[in-house]
2 protein chains.
Amino acid sequence: MKFCSNCGAAVISKIPDGDHLPRFVCERCGVIHYKNPLLVLGCVPEWQGKILLCRRAIEPRLGFWTVPAGFMEIGETMQQAARRECFEEAEAEVEIGSLLAVVNVTHAGQVHVMFRARMLHPGFAAGPESLQVGLYEEDAIPWQDLAFPSGEFTLRRYFADRAAGREDHHFTELDRPLRR
Amino acid sequence: MKFCSNCGAAVISKIPDGDHLPRFVCERCGVIHYKNPLLVLGCVPEWQGKILLCRRAIEPRLGFWTVPAGFMEIGETMQQAARRECFEEAEAEVEIGSLLAVVNVTHAGQVHVMFRARMLHPGFAAGPESLQVGLYEEDAIPWQDLAFPSGEFTLRRYFADRAAGREDHHFTELDRPLRR
């Protein structure tokens, strides 16, 4: 941020009175501009034991595989966001189920929240952000070509819980960027 | 938002190509400015069966009661945010426990996430954003003077689960402002 979105003046970075972190502050109109973590919502869609995965058509991680997920919008619930992203990326209609994973991606200022999901019918297709979409058995998941560590965490916990007949939720923190 | 935070030009509101919602767009430098839901993190701190509540010293809802909660910051986990807010508002040190409530406050573009918490010692005091802080038995909770519906939902579920010997998590949606 370089300019005040309220009045257009240049902003400075400083710790406001009574605060404990530096913020972008406009010294002309007085507005303090906060930047807060973003929510990424996704799901693990299942159809007859297989999982729906998308191969990304956009950066970051173009060409790598992911569960359907994306930024939550204002006005929707977490569950609505997860369902919408699944339809946008994989053109699949799902019923959102139980909470599966909450990944604190602290280095990126994001929280990824993943749900279990049941596909309502076997229809799917690559949306504009996907190169390819497919249903995969557990032993066919492209573990070496997953786009994001949060997706790997989500899928590992999904299969472990499914094998154990549980539907737990799992927290983790990913505090550094992916290295390959 | 009236001005581009990247270049200072006036922004317009339009639906970008390939998008489905109106965004503030800068036609000079091309930046699209997204606005996404904010995360509010809080906890229900317990000491010997009593719950720690804060009476708000700031708007909104000045003078009304709340569990310790506030906006999550970049670089922290949900649990760290809940613990920090508890210390800032009530000067109480807690160990964050299980997930208790996820409240989709869609009308406000917020998600409130609340955890159970155990106070590490009986020390507490009003922080700068609180007029008063106290430990309350269930039957002394000021239900009619709670600041936010998400706090009431959180506390009701807390006591119901405690009575049943459970530690479940609960989702709800609050899609309209508080009316009193």
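Since the structure is predicted, the reported quantities are computational estimates derived from the model, not experimental observations.

### Quick look at the overall build of chain A
At step 1: Secondary structure assignment for chain A yields two helices and eleven strands.
At step 2: Listing the helices and strands of chain A from first to last along the sequence gives β-β-β-β-β-β-β-α-β-β-β-α-β.
At step 3: Burial analysis of chain A (180 residues in total) assigns 36% to the buried set.
At step 4: The long-range fraction of contacts in chain A, counting pairs at least 24 apart against all pairs at least 6 apart in sequence, stands at 61%.

### Side note on helix α2 (residues 149-164) of chain A
Residue and element names in this part refer to chain A.
At step 1: A rise of 1.5 Å per residue sets the reference length of α2, with its 16 residues, at 22 Å; its end C-alpha atoms lie 23 Å apart and thus fit the reference within 8%.
At step 2: Taken together, the buried positions of α2 are S150, G151, F153, T154, L155 and Y158.
At step 3: Those residues of α2 hidden inside the fold are in contact with β4 (38-47), β6 (65-66), β8 (94-105), β9 (110-119) and β11 (170-173).
At step 4: Looking one or two residues beyond α2, the residue adopting positive phi is G165, at roughly 70°.

### Looking at the sheet that holds strand β1 (residues 12-14) of chain A
Residues and elements named next belong to chain A.
At step 1: Ordered in space as β1-β2-β3, the three strands form an open sheet in which the pairing is antiparallel. Single-partner strands in this sheet number two, and they are β1 and β3 (32-33).
At step 2: Bridge analysis of β1 against strand β2 (residues 23-25) gives three bridges, and the strand direction is antiparallel. In the strand pairing of β2, S13 is matched with F24.

### Topic: the sheet that holds strand β1 (residues 12-14) of chain B
At step 1: Spatially, β1-β2-β3 (chain B) is the arrangement adopted by the three strands of the open sheet, whose pairing is antiparallel. Looking at which strands have only one partner, the edges of the open sheet turn out to be β1 and β3 (32-33) of chain B.

### Details of the domain arrangement of chain A
At step 1: What the domain assignment reports for chain A is domain 1 (1-35) and domain 2 (38-173).
At step 2: Distance between the C-alpha centres of domain 1 of chain A and domain 2 of chain A: 36 Å.

### A few points about the relation of the copies chain A and chain B
At step 1: Superposing chain A onto chain B takes a rotation of 180° plus a shift of 0.0 Å along the axis, which leaves an RMSD of 0.0 Å. With respect to symmetry, the two chain copies, as superposed, fit the operation of a two-fold axis.
At step 2: Of all interface residues in chain A, 100% are interface residues in chain B too; the two copies therefore contact each other through one and the same surface.

### Looking at the confidence of the model for chain A
At step 1: When the pLDDT values of chain A are averaged, the result is 96; 98% of them are 70 or greater.
At step 2: Across the predicted assembly, pTM comes out at 0.96 and ipTM at 0.95.

### Quick look at the interface of chain A and chain B
At step 1: Contacts between chain A and chain B engage 32 residues on the former and 32 residues on the latter.
At step 2: Counting only elements with at least two residues in the side of chain A that touches chain B, the list comes to β4 and β8 of chain A.

### Comments concerning unusual backbone geometry
At step 1: Cis geometry is adopted by the peptide bond preceding A:P60, which originates at A:E59 and carries an omega value of -5°.
At step 2: By the element assignment, A:P60 lies in the loop between β5 (50-56) and β6.
At step 3: The backbone of A:E91 sits at a positive phi, close to 50°, despite the residue not being glycine.
At step 4: Tracing the backbone through its elements, the reader meets A:E91 in the loop between α1 (78-90) and β8.
At step 5: Residue classification places A:E91 among the partly exposed residues on the basis of 15 C-beta atoms within 10 Å.
At step 6: Positive phi outside glycine occurs at B:Q48, with the angle close to 50°.
At step 7: Considering the arrangement of structural elements, one finds B:Q48 in the loop between β4 (38-47) and β5 (50-56).

### Concerning the nonpolar core
At step 1: A:L41, A:C43, A:V44, B:L41, B:C43 and B:V44 are the most contacted members of the largest nonpolar core, which has 83 residues in total.
At step 2: Residue contacts for B:V44: discarding those within four places in its chain leaves B:I51, B:V67, B:L100, B:M114, B:R116, B:A117, B:T154, B:L155 and B:Y158.
At step 3: Core analysis: the next-biggest nonpolar cluster, separate from the first, contains ten residues, A:F24, A:C26, B:F3 and B:F24 among them.

### Focus on helix α1 (residues 78-90) of chain B
Residue and element names in this part refer to chain B.
At step 1: Helix length check: α1 (13 residues) gives 18 Å between terminal C-alpha atoms against 18 Å at 1.5 Å per residue, within 8%.
At step 2: If you check which residues of α1 are buried, you get M78, Q79, A81, A82, R83, E85, C86, E89 and A90.
At step 3: Of the residues one or two after α1, E91 is the one with positive phi, at around 50°.

### Let's talk about the pairing of β5(A)
Each regular strand carries side chains that alternate between the two faces of the sheet.
Residue and element names in this part refer to chain A.
At step 1: Here β4 pairs with β5 via two bridges, running antiparallel. Looking at the pairing, W47 lines up with K50 of β5.
At step 2: With antiparallel pairing between neighbouring strands as the criterion, β4 and β5 make up a hairpin whose turn holds two residues, including Q48 at a positive phi of roughly 50°.
At step 3: Where β5 meets strand β10 (residues 130-136), six bridges bridge the pair, whose relative direction is antiparallel.

### Here's the deal with the environment of B:T66
All names here are of chain B.
At step 1: Within the element layout of this structure, T66 appears in strand β6 (residues 65-66).
At step 2: Note: C-alpha distance between T66 and P142 (76 residues apart in sequence) is 9.6 Å.
At step 3: Residue contacts for T66: discarding those within four places in its chain leaves L53, C54, R56, L146, A147, F148 and G151.

### Section: the environment of B:A69
Residues and elements named next belong to chain B.
At step 1: Note that A69 resides in strand β7 (residues 69-71).
At step 2: Once the C-alpha coordinates of A69 and A82 are considered, the two residues, 13 residues apart in sequence, prove to be 6.5 Å apart.
At step 3: With near-sequence residues (within four places) excluded, A69 lies in contact with V40, L41, G42, E85 and H112.

Quick notes on the rules
Residues numbered from 1 in each chain as written. Chains lettered and ligands numbered in written order. Predicted model: local features only at pLDDT ≥ 70, side-chain atom pairs only at ≥ 80, totals over all residues. Helix = DSSP H or I, 4+ residues; strand = E, 2+ residues; numbered from the N terminus. Buried ≥ 20, exposed ≤ 12 C-beta atoms within 10 Å, placed from the backbone. Contact = placed C-beta atoms within 7 Å. Expected span 1.5 Å × (residues − 1). Pairing = 2+ DSSP bridges. Domains from an automatic or database assignment. Least-squares fit on C-alpha atoms with pLDDT ≥ 70 in both. pLDDT = per-residue confidence, 0-100. Core = buried A, V, L, I, M, F, W, Y, C linked by C-beta atoms within 7 Å.

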